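A closer look at the structure
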Number of protein chains: 2
Amino acid sequence: MAASSIDYARLYSEGLPDPTPRFTPFPPYYFIGGNNDPEQIPIEGLIAAADTVLRREGSKLAIYNLGLGPQGYPGLRQFVADKSKRHRGIDAPIDDITITSGSGQGIDMISRLLVNPGDTVLVEEFCYQGAMNRFRKLGAKLEGMALDADGIVIDALAAQLASLKAKGVTPKFIYTIPTIQNPTGSILPLDRRHALIKLAREYNVAIFEDECYADLIWQGIDAPPALYALDPGCVIHLGSFSKSLAPALRLGYVIAEWEIMKRLLPLKGDSGTGALDQMVVAEYFSKHFDDHLPHLNTVLHDKLQTMIEAVEREFGSAAECWVPKGGIFLWIKLPQNVDVRTLIKPAADAGIVFNAGPDWAVSADNSSSHLRLCFAMPSKDVIRKGVAALAKVCYEQTGIPEQSGNVRRAG
Amino acid sequence: MAASSIDYARLYSEGLPDPTPRFTPFPPYYFIGGNNDPEQIPIEGLIAAADTVLRREGSKLAIYNLGLGPQGYPGLRQFVADKSKRHRGIDAPIDDITITSGSGQGIDMISRLLVNPGDTVLVEEFCYQGAMNRFRKLGAKLEGMALDADGIVIDALAAQLASLKAKGVTPKFIYTIPTIQNPTGSILPLDRRHALIKLAREYNVAIFEDECYADLIWQGIDAPPALYALDPGCVIHLGSFSKSLAPALRLGYVIAEWEIMKRLLPLKGDSGTGALDQMVVAEYFSKHFDDHLPHLNTVLHDKLQTMIEAVEREFGSAAECWVPKGGIFLWIKLPQNVDVRTLIKPAADAGIVFNAGPDWAVSADNSSSHLRLCFAMPSKDVIRKGVAALAKVCYEQTGIPEQSGNVRRAG
């Protein structure tokens, strides 16, 4: 490595994040990250879509945003409009839809629209880490909303909003993942959706609805319409193609009424989202969404069953699963006296990575015995072996679980 | 439009940018923006590349960053390494190369690495607006470096650095576009490159080298090696595929030594750059870069000639062109008493948009009679008609030029 010929340390800005380590390949039991099943990428379909759309509109690549404006490729926005109408009850013109460079960019834009340092934001007590990190980075103070097996507990939220109001605090927004909650996998019932909107209107709080997993629902389970479908006047809606297709394609979308959208758009700031990603996905999904998703969901549900069986076999009664209604992750509670943070290092040494509960929760107080395991990417064999390996690490560190598979340990 | 059911105005954060207006199609004479020639998009080549790369590696799309880390698709980084070695003299391992979502993201990352509010940044007196805007947004104070037909005037810069030092000011970095300067189109000679690096080392100032246009150089013109090739220890290098291929593909790249790169990477923050864009361009350019670029440059040079002829015909001696050595834009000086800002509105009414000098300069003092016209996207016919229409507007507003084409106006 060449020695630097100037002293960069004197030039760096203040408060830089920690350096990124050099990339190392994934360990064998990689149970984190919103990855998908590599075998379910529709390669032939994407090749055919690329051929069709490039032949038809490829010359537009010469122009920023294809010459069609900052909200994204109209074909993809039209697909989002159609899909959201059919599956989520949303009736939005494409002017109210903007394609984002992943849903993370949507979270950035929406939180920058609303958050000043010191503002209060309500999030589900167990919550997507990436969203919480972004809110906190802007100086937001997070308050957790109680969850049960069906999502936000409305009575508790009503009391919480009243209590905040009594203290003079008006939260800026409620961040919720009502349909396949991350990490619990619940679906908020219709009556709670109406009640949530009623509270938002009563307290003048916006609802930031993240539906990144709403396309991944097990067969036979119905989800109520999106919150946005029930009242677009107080909801900003976020979606993604990372889960329904592929996360290496950086494609998400925001749906908001134009009065809001016109304030969000200047916060995009990237001169457009990658055009090939947009064009190919629009072309492919316009024809194949309704074939691809049921098949993908069958595969994912099968992997979930494998993981649940492995957890039951390896952890027995020591593990309590929040059985998800869709998605790609399983939220597990171990006995209260297990602090999963103590398992991170020994698990890593054994080639296992998982999400520790406190990283996926507002507070460590009620999450230190929880963990999140993602099941979409690993094979069923890896799931079985990895869960067994994790149980072994857990036993070695904590004495729990006493029994694993056919092995009864010293009790 | 549905009435909002909450009062969003009470929720917006402070200091939001102005709302984005609804998109309207381009006017007939659109001479702004780094667009390319739509006829030069290699559609068949991109289709073949998509087929090949998706068949070979498509299943990796299921994983964030293709499972290969945050620096981007290794095939594209390898192409950047090879191209930069062959054409720019740069010898960099792919660990020192990161693909960005457009060069704009690279500018964001580099400026956030170095700029605290109040810091001084040196930029060329005529300079890319997008970079200046980003530096200013972080609170940087911009100081212009004098330019001549060959780029930065080294003696003037030496005096400027000494004067700043005498005032206790250490600039954080020198932002320069040494190869096809934007907007003047100059190429910095080798001796000035060495002198610039010497000054950077002497004053402990980093050099931020933007080479977004360095692939677009007219046949027969040689450019000296990149500044990064001469001293990677004080230079951060930026490049782009927007100009060499297509700006709707959001692909740029940063080259920096690992000690710097590891501090830059956490500032990327987008969970990766669109994978299809990266994979298809890597596959296409690995085979066809050395065919595509000479052809593209011939076409662009021809369009430049058309524009220069049109400017000479329509503006006569009233316009002085900085004839560029490559690129996609022409920087023009009108007589001192023409303030081009007064032409913006009447030109827009006539269907013409152009970059007013003060938007492409540190100060309006020495740029108010300048304008930048981009020539890659419009056809030669549009270039001729648009320049004639602009001359007409200019005459109507200012009495200049007195003669346009075969029309002699009242003098």
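See the structure printed just above.
Report on the accompanying structure. What you see is a predicted model; the values in this text were computed from it and never measured. (Residues numbered from 1 in each chain as written. Chains lettered and ligands numbered in written order. Predicted model: local features only at pLDDT ≥ 70, side-chain atom pairs only at ≥ 80, totals over all residues. Heavy atoms only, no water.)

Let's shift gears to the packing of helix α1 (residues 43-57) of chain A against helix α9 (residues 275-315) of chain A. All names here are of chain A. Where α1 contacts α9, the two axes come as close as 8 Å, and the packing angle between them is 115°. In terms of their interaxial angle, α1 and α9 are classed as roughly perpendicular. α9 is crossed by α1, and the crossing has right-handed handedness. Counting all contacts with α1, which are made through G45, L46, A49, A50, T52, V53, L54, R56 and E57, the residues of α9 involved are L276, M279, V280, E283, Y284 and K287. Per-class residue counts for the contact of α1 with α9 are nine nonpolar, two polar and four charged. (Axes fitted to C-alpha atoms, helices over the stretch in contact; angles between N-to-C directions. Helix = DSSP H or I, 4+ residues; strand = E, 2+ residues; numbered from the N terminus. Parallel < 35°, antiparallel > 145°, perpendicular 65-115°, else oblique. Left-handed = near helix turned anticlockwise from the far one by under 90°. Contact = heavy atoms within 4.5 Å. Nonpolar A, V, L, I, M, F, W, Y, C, P; charged D, E, K, R; others polar.)

All names here are of chain A. The four strands lie next to each other as β11-β12-β15-β14, forming an open sheet whose pairing is antiparallel. Only two strands of the sheet have a single neighbouring strand rather than two, namely β11 (320-322) and β14 (355-356). Bridging between β14 and strand β15 (residues 370-374) involves two bridges; their strand directions are antiparallel. Its bridge partner being in β15, N355 is matched across the sheet by R372. Where α9 meets the sheet, it contacts β11, β12 (329-333) and β15, and its direction lies at approximately 20° from that of β12. (Pairing = 2+ DSSP bridges.)

The next thing to look at is the pairing of strand β8 (residues 206-210) of chain B. Residues and elements named next belong to chain B. Across the five residues that make up β8, a large majority, five, are buried. In β8, alternate side chains face the same way, and those of A206, F208 and D210 on one face and I207 and E209 on the other are all buried. Where strand β7 (residues 173-176) and β8 come together, four bridges link them in parallel fashion. Residue pairing across strands places Y175 opposite F208, the latter belonging to β8. With four bridges connecting them, β8 and strand β9 (residues 235-240) associate as parallel partners. Bridge pairing links F208 to I236 in β9. (Buried < 20%, exposed > 50% of the residue type's maximum accessible area, 1.4 Å probe, protein only.)

On to the sheet that holds strand β12 (residues 329-333) of chain B, then. Residue and element names in this part refer to chain B. Within the open sheet, the four strands sit side by side as β11-β12-β15-β14. Their pairing is antiparallel. Unpaired on one side and paired on the other, β11 (320-322) and β14 (355-356) mark the two borders of the sheet. Strands in contact with helix α9 (residues 275-315) are β11, β12 and β15 (370-374); relative to β12, the strand with the most contacts, it is inclined by about 20°.

The next thing to look at is the relation of the copies chain B and chain A. Least-squares fitting of chain B to chain A yields an RMSD of 0.0 Å, with the superposition described by an axial translation of 0.0 Å and a rotation of 180°. Taken together, the turn and the small shift mark the pair as related by a two-fold rotation axis. (Least-squares fit on C-alpha atoms with pLDDT ≥ 70 in both.)

Moving on, we come to unusual backbone geometry. A negative phi angle characterises most non-glycine residues, just as the trans form characterises most peptide bonds. At the junction of N182 of chain A and P183 of chain A, the peptide bond is cis and its omega measures out at 20° in the coordinates. Looking at where P183 of chain A falls in the secondary structure, it is placed in the loop between β7 (173-176) and α6 (190-203). P401 of chain B follows I400 of chain B through a cis peptide bond whose omega is 0°. Inspection of the secondary structure puts P401 of chain B in the loop between α11 (380-398) and β16 (403-404). Notably, N65 of chain B is not glycine yet its phi reads approximately 55°, a positive angle. Within the fold, N65 of chain B resides in the loop between α1 (43-57) and α2 (74-88).

Before going further, it helps to examine the pattern of salt bridges. Residue and element names in this part refer to chain A. The full count for this structure, using the stated rule, is 57 salt bridges over all chains. The salt bridge involving D119 is made with K172; its shortest N-O contact spans 2.8 Å. Note that D119 is positioned in the loop between α3 (103-114) and β3 (120-124) and K172 in the loop between α5 (154-166) and β7, a separation of 53 residues in sequence. Each member of the pair, D119 together with K172, is buried. Of the charged contacts, one joins E259 and K262 as a salt bridge, the two residues approaching to 3.1 Å between their closest N and O atoms. Here K262 and E259 lie together in helix α8 (residues 258-264), a separation of three residues that amounts to about one turn. (Salt bridge = Lys/Arg side-chain N within 4 Å of Asp/Glu carboxyl O.)

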